[in-house]
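# Architecture at a glance
Here's the letter readout for the chains.
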Amino acid sequence: MLRIGLTGGIASGKSTALARFAELGARVVDHDQLSRRAVAPGSAALADIAREFGPRLIVKDELDRGALAQIVFADDHALARLNSIVHPYVMAMGQAADRQARAEGVRVIVHDIPLLVETGQDGEFDLVVTVAAELDTRVRRMIESRGMTEDDARARIRAQATDEQRAAAADVVLDGNATPEHLARQVDDFWHVHVPS
Ligand SMILES: CC(C)(COP(=O)(O)OP(=O)(O)OC[C@H]1O[C@@H](n2cnc3c(N)ncnc32)[C@H](O)[C@@H]1O)[C@@H](O)C(=O)NCCC(=O)NCCS
Ligand SMILES: Nc1ncnc2c1ncn2[C@@H]1O[C@H](COP(=O)(O)OP(=O)(O)OP(=O)(O)O)[C@@H](O)[C@H]1O
């Protein structure tokens, strides 16, 4: 099974690229979704978050994601504490997805991992692909599509590696600056070069 790690800064176009990989026939695993599952109501990680950051972050059994984001993206130590709670669960779920895919005879699996470089996972894939896009373009997308303020958008970008760091760890860099169709075509090209038919 060919294992591909897909990364990129927030709002670079990773989800757009991932959707194209799925259309081409890859099994896709979105680690943002895994991290939401890790903190589902009643989970051990949610209990750990309540203990670490206070019970007011849990509203009607659900994590108040906006409130937690305000805390952690303004404080590196708080972010590191959150990461140390959630990331082990996400990694275990990612490994479980690999095991299941292998058992099902899947040929190509793509893991979409926003923090692939930050968490030192670049050595763990057959190929690493990163999507790069200009900072100002990404900030604009976050304001338009996620309704974030410019300050919140820039704080989240500051909490991540740079495009240069991701490019240094990647085998291939895709350009996420133009249209989604342009990005999808680059995924097609990558697939034809790197995935044995
Ligand atoms: C802080 C939280 C509650 C904010 O939730 P929110 O719904 O606003 O964002 P969401 O989870 O959809 O993430 C959106 C994007 O934010 C960025 N981001 C998320 N977590 C982090 C982090 N720990 N460090 C840097 N960037 C991050 C990523 O680019 C991600 O794609 C949430 O992101 C979280 O629990 N983060 C810790 C888990 C994590 O690291 N997830 C990322 C991949 S495993
Ligand atoms: N190449 C592109 N051209 C124009 N807009 C794009 C492009 N790629 C993505 N977008 C838009 O930018 C926003 C963010 O894109 P997307 O969700 O694919 O990014 P992402 O890297 O997965 O972000 P996140 O880290 O938030 O999960 C979306 O609203 C999407 O429609």
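Residues numbered from 1 in each chain as written. Chains lettered and ligands numbered in written order. Predicted model: local features only at pLDDT ≥ 70, side-chain atom pairs only at ≥ 80, totals over all residues.

### With respect to the overall build of the protein chain
Heads up, the rule is: Comment: elements are numbered from the N terminus, with helices defined as DSSP H or I runs of at least four residues and strands as E runs of at least two. Put simply, the radius of gyration uses C-alpha atoms, and a globule should come to 2.2 Å times the residue count raised to 0.38. Counts of 20 or more other C-beta atoms within 10 Å of a residue's own C-beta define buried residues, counts of 12 or fewer define exposed ones, and intermediate counts define partly exposed ones; C-beta atoms are placed from the backbone. Contact definition: two residues whose C-beta atoms, as placed from backbone geometry, lie within 7 Å.
Counting its regular elements, the protein chain contains nine helices and seven strands. Relative to a compact globule of 197 residues, whose C-alpha radius of gyration would be 16 Å, the protein chain shows 17 Å and is just as compact. Along the first, second and third principal axes, the C-alpha set of the protein chain runs to 50 × 40 × 25 Å. Counting all 197 residues of the protein chain, 31% fall into the buried class. A separation of at least 24 residues holds for 75% of the contacts in the protein chain among residues at least 6 apart in sequence.

### Examining the site of ligand 2
Here is the rule: Defining nearness, a residue is near a molecule or strand when the C-beta atom obtained from its backbone falls within 6 Å of it. Polarity classes work like this: nonpolar for Ala, Val, Leu, Ile, Met, Phe, Trp, Tyr, Cys and Pro, charged for Asp, Glu, Lys and Arg, and polar for all others, with Gly in that last group.
Around ligand 2 sit 17 residues in total, of which Gly 13, Lys 14, Ser 15, Arg 141 and Ser 145 are the nearest. Going through the elements one at a time, helix H1 (14-23), helix H6 (135-146) and helix H9 (180-194) are the ones with two or more residues in the shell around ligand 2. Looking at the shell around ligand 2, the element that brings in the most residues is H1, giving three residues. Partitioned by chemical class, the residues of the shell around ligand 2 number six nonpolar, eight polar and three charged.

### Some points on the UniProt feature "binding site: ATP" (unreviewed entry) in the protein chain
Let me state the cut-off plainly: UniProt positions are given in the numbering used here, feature names are shortened, and annotations may be inferred rather than shown by experiment.
As annotated by UniProt and renumbered to match this structure, "binding site: ATP" (unreviewed entry) occupies Ala 11, Ser 12, Gly 13, Lys 14, Ser 15 and Thr 16. By secondary structure assignment, the location of Lys 14 is in helix H1. By C-beta crowding, Lys 14 is classed as buried, having 25 other C-beta atoms within 10 Å. Excluding residues that lie within four positions of it along the chain, Lys 14 makes contacts with Leu 6, Thr 7, Gly 8, Asp 112, Pro 114 and Val 131. Here Thr 16 falls in the partly exposed class, since 19 other C-beta atoms lie within 10 Å of it. Ignoring anything within four residues of it in the chain, the contact list for Thr 16 reads Pro 180, Leu 183 and Ala 184.

### A closer look at the site of ligand 1
Lining the immediate surroundings of ligand 1 are 18 residues, of which Ile 10, Ser 35, Arg 65, Ala 69 and Pro 114 lie closest. Of all the elements in the fold, those that place two or more residues in the shell around ligand 1 are helix H2 (31-38), helix H4 (65-72) and helix H5 (76-103). Of the residues that constitute the shell around ligand 1, the class distribution is 11 nonpolar, four polar and three charged.

### Notes on unusual backbone geometry
In this model, Ala 11 sits at a positive phi of 65°, which is unusual for a non-glycine residue. Tracing the backbone shows Ala 11 in the loop between strand E1 (2-8) and H1. Overall, the presence of 25 C-beta atoms within 10 Å leaves Ala 11 in the buried class. Phi angles above zero are rare outside glycine, and Lys 60 is one such case at about 50°. Tracing the backbone through its elements, the reader meets Lys 60 in the loop between strand E3 (58-59) and strand E4 (62-63).

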